[in-house]
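# A structural walkthrough
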Amino acid sequence: MRLDYLSGWPRIFLHCRMDDEVAWTEPPGLSMQHIGKDRWSITVDANKLEFVCTNGSGAWDKPAQGGNYRISGAGRYELQGGCITVAVASEEPTNDDHPTVSRSSVDNGLTGCQSSASLFRSTS
């Protein structure tokens, strides 16, 4: 699973938990690689990811509704301005029919994101 993140921060970390693990990464989290102007990327060996992004200096990017971002299913995802989109859907088999994208554990919709791909559906 790959996550690309667009931000002007000078460093980016992914504070996360993978699959159904209980434990989260130690803050600030996994360092993301700078791949271009305001563009960061990380690849993790997981089928599900619950996460927030941080600059490691006290600033956090979380969904506007609170909670955490969540993605599941193999593929490449992009997070920009609070909206997660599927950049490239994987052809690898998963336990699900479609990748799942959820803006937070308390949000049942993808307001502002729903039209970006027909593969989206929310989870709670």
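So, here's what we can say about the structure. Nothing here was measured: the structure is a model prediction, and the numbers come from that model.

So, about unusual backbone geometry. With an omega of 10°, the peptide bond between Pro 27 and Pro 28 qualifies as cis. By the element assignment, Pro 28 lies in the loop between strand 2 (13–18) and strand 3 (30–31). For Asp 19, which is not glycine, the phi torsion reads 50° and is therefore positive. Within the secondary structure, Asp 19 sits in the loop between strand 2 and strand 3. Classification of Asp 19 by relative accessible area gives partly exposed; the value is 31%.

Once that is clear, we can look at the pattern of salt bridges. A complete count under the given rule lists 7 salt bridges for this structure. With a closest N to O distance of 3.3 Å, Arg 76 and Asp 4 form a salt bridge. Taken together, the residues span a long stretch of sequence, with Arg 76 in strand 9 (residues 75–80) and Asp 4 in strand 1 (residues 2–6) at a distance of 72 residues. Arg 39 serves as the salt-bridge partner of Glu 78, at 2.8 Å between the closest nitrogen and oxygen. A residue pair is termed long-range when its members are at least 10 positions apart, and Glu 78 in strand 9 and Arg 39 in strand 5 (residues 39–43) qualify at 39 residues.

Attention now moves to the side chain of Glu 50. Checked against the element boundaries, Glu 50 lands in strand 6 (residues 48–54). In this structure the side chain of Glu 50 is engaged in a polar contact, spanning 2.7 Å, whose partner is the side chain of Arg 17. A distance of 2.7 Å separates the side chain of Glu 50 from the side chain of Asn 68, its partner in a polar contact. With sequence-adjacent residues up to four places away left out, Glu 50 is seen in contact with His 15, Cys 16, Arg 17, Trp 24, Asn 68, Tyr 69 and Arg 70.

Another point: the environment of Glu 21. If you trace the backbone, Glu 21 turns up in the loop between strand 2 and strand 3. Owing to a relative accessible area of 45%, Glu 21 belongs among the partly exposed residues under this scheme. Taking the C-alpha atoms as reference points, Glu 21 and Glu 50, separated by 29 residues in sequence, lie 9.9 Å from one another.

A few words now on the state of the cysteines. All told, the structure shown has 0 disulfides when counted by the stated rule. Of all cysteine sulfurs, the one in Cys 53 lies closest to Cys 16, which takes part in no disulfide; the gap is 9.3 Å. Taking relative accessible area as the criterion, Cys 53 reaches 0% and is therefore assigned buried.

What counts and what doesn't
Residues numbered from 1 in each chain as written. Predicted model: local features only at pLDDT ≥ 70, side-chain atom pairs only at ≥ 80, totals over all residues. Heavy atoms only, no water. Helix = DSSP H or I, 4+ residues; strand = E, 2+ residues; numbered from the N terminus. Buried < 20%, exposed > 50% of the residue type's maximum accessible area, 1.4 Å probe, protein only. Salt bridge = Lys/Arg side-chain N within 4 Å of Asp/Glu carboxyl O. Polar contact = N/O pair within 3.5 Å; in protein donor to acceptor, adjacent residues only side chain to side chain. Contact = heavy atoms within 4.5 Å. Disulfide = S-S within 2.5 Å.

From the geometry alone we can't say anything about function, so treat these as descriptive.
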